[in-house]
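The residues making up each chain are set out below.
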Amino acid sequence: TAVDYLGKEFGMTRGFSVSMNHVTGSVTGRSERYQLRVLREIGSIQRRPWFDFLHYFDAHDPYESPAPYHEMYYDGDAEAEPTDPARDIGVIYSDKNRIARDPRKRYRWLDGVKDLDYPTKEYAAGITYLDHQVGAVLDSLEAKGYYENSIVIVVGDHGEHLTEHGVYFTHRFPYVEVSHVPLMIRLPGGREGGRRVADPVSLADLLPTLLDLLGIPQEWDFDGVSLVGSMRGERLDERVLYAEFGGLPENQVKAVWNREYRYLEFRIDGQEWSELYDRRRDPLETRNLVKEEKVHAADFRALLTRRFGEERRILQDDHEAAPPLDPEVEARLRTLGYID
């Protein structure tokens, strides 16, 4: 892993024979060091069943890919005043930015940049860089003779606000640009290759899907469902999915959606409001229908109450409180915005 919150302090290494944590140094180029050990580990795997979880942190802010990817999609002068006023990066430091709390600190990595187009293009460069890293892993699997007999899953944990919904260069609110993430599954031999599934699915579906593919009985209750049927072209049952941001009742966003609509409730700095979008007619979620579609809004509001309760508190279990974090780990997570 290349980020702290997947380390042993959070219980994420349980059950693994080997754990590699690469969180030192800058985010830029971190995967280069990580990747060398990943490829060595794949090269040393013996011919027996194995499971490998790889987590890359690239395409996360700050968007600073190493050469030759840096500025591969940007051909201007990032520090020159843009001729188009719409590309003035000053908007991220203004009240037009919906998360403008302490923006000079948050966007220190953009000091000196004046073109709003620059970080957007650099994010794209980060995606290309990451694509190269994943490709190298697949090439290594093929070279070892494992690729054809492996289940390969490539998934993103979140998207990014790149000016949509008045949010800039983070992943704060669960609109479509953040919650609609890549999910690609390759079965051994390329079975069912090329099939696209339009039904809403969740990252919570990955564990029951893997168990189903491996023929392992599911002895636990899961929030997710197996996607094996949908890989064969079967339609999933109607369902709703959930996402949330923030753990405090006075500062949080809850979202629930199905094939047709997405509903969001905001409680931010003492203000409360809700939004409803028609996902079929408005896939970018630009027109709030909450006042026009009151029946749908009420139905989704009831779903959030059933899921989270009236106070909309973050879901918690009965486990004991986690031990305090190492101060260095806490500092890094705070820098990345995971701790307010």
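Calculation notes
Residues numbered from 1 in each chain as written. Predicted model: local features only at pLDDT ≥ 70, side-chain atom pairs only at ≥ 80, totals over all residues. Heavy atoms only, no water. Pairing = 2+ DSSP bridges. Helix = DSSP H or I, 4+ residues; strand = E, 2+ residues; numbered from the N terminus. Buried < 20%, exposed > 50% of the residue type's maximum accessible area, 1.4 Å probe, protein only. 1 Å grid on protein atoms, 1.4 Å probe; cavity = no way out; pocket = protein on both sides within 12 Å on 5 of 7 lines; lining within 4 Å. Points joined across faces, edges and corners; volume = space filled by probe spheres on them. Nonpolar A, V, L, I, M, F, W, Y, C, P; charged D, E, K, R; others polar. Axes fitted to C-alpha atoms, helices over the stretch in contact; angles between N-to-C directions.

Draft legend 1. Representation of the pairing of strand E8 (residues 271-278) in the model. Here strand E7 (residues 261-268) pairs with E8 via eight bridges, running antiparallel. From the neighbouring strand, Leu264 faces E8, where its bridge partner is Glu275. Counted between consecutive antiparallel strands, the loop separating E7 from E8 contains two residues, among which Asp269 sits at a positive phi close to 50 degrees.

Draft legend 2. Quick look at unusual backbone geometry. Put simply, Asp61 and Pro62 share a cis peptide bond, and its omega is 5 degrees. Within the element layout of this structure, Pro62 appears in the loop between helix H1 (30-44) and helix H2 (103-106). The omega torsion across Ala67 and Pro68 is 5 degrees, close enough to zero to call that bond cis. Of note, Pro68 is situated in the loop between H1 and H2. The backbone phi angle of Glu71 is positive, close to 60 degrees, even though this residue is not glycine. Here Glu71 lies in the loop between H1 and H2. For Glu71, a relative accessible area of 32% corresponds to the partly exposed category. Here the phi dihedral of Glu285 falls at roughly 60 degrees; this positive angle occurs in a residue that is not glycine. Relative to the elements of secondary structure, Glu285 occurs in the loop between E8 and helix H7 (294-308).

Draft legend 3. A look at empty space enclosed by the protein. All chains considered together, the criterion is met by two cavities of 30 Å³ or more. When its volume is computed, the second largest cavity comes out at roughly 30 Å³. Taken together, Asp199, Pro200, Leu236, Asp237, Glu238, Arg239 and Arg259 make up the lining of the second largest cavity. Looking at the lining of the second largest cavity, its residues break down into two nonpolar, no polar and five charged.

Draft legend 4. Layout of the sheet that holds E8. The sheet built from four strands is open, its strands ordered E5-E6-E7-E8 with antiparallel pairing. The sheet is open, and its two borders are formed by strand E5 (241-248) and E8, each paired with just one other strand. Between one strand axis and the next, the sheet turns by 10 degrees as a mean value, whatever way the strands run. As defined by bridge partners, E5 adjoins strand E6 (residues 251-257) across six bridges and the pair is classed as antiparallel. Paired with Tyr242 across the strands is Val256, a residue of E6.

Structural measurements only, silent on function.
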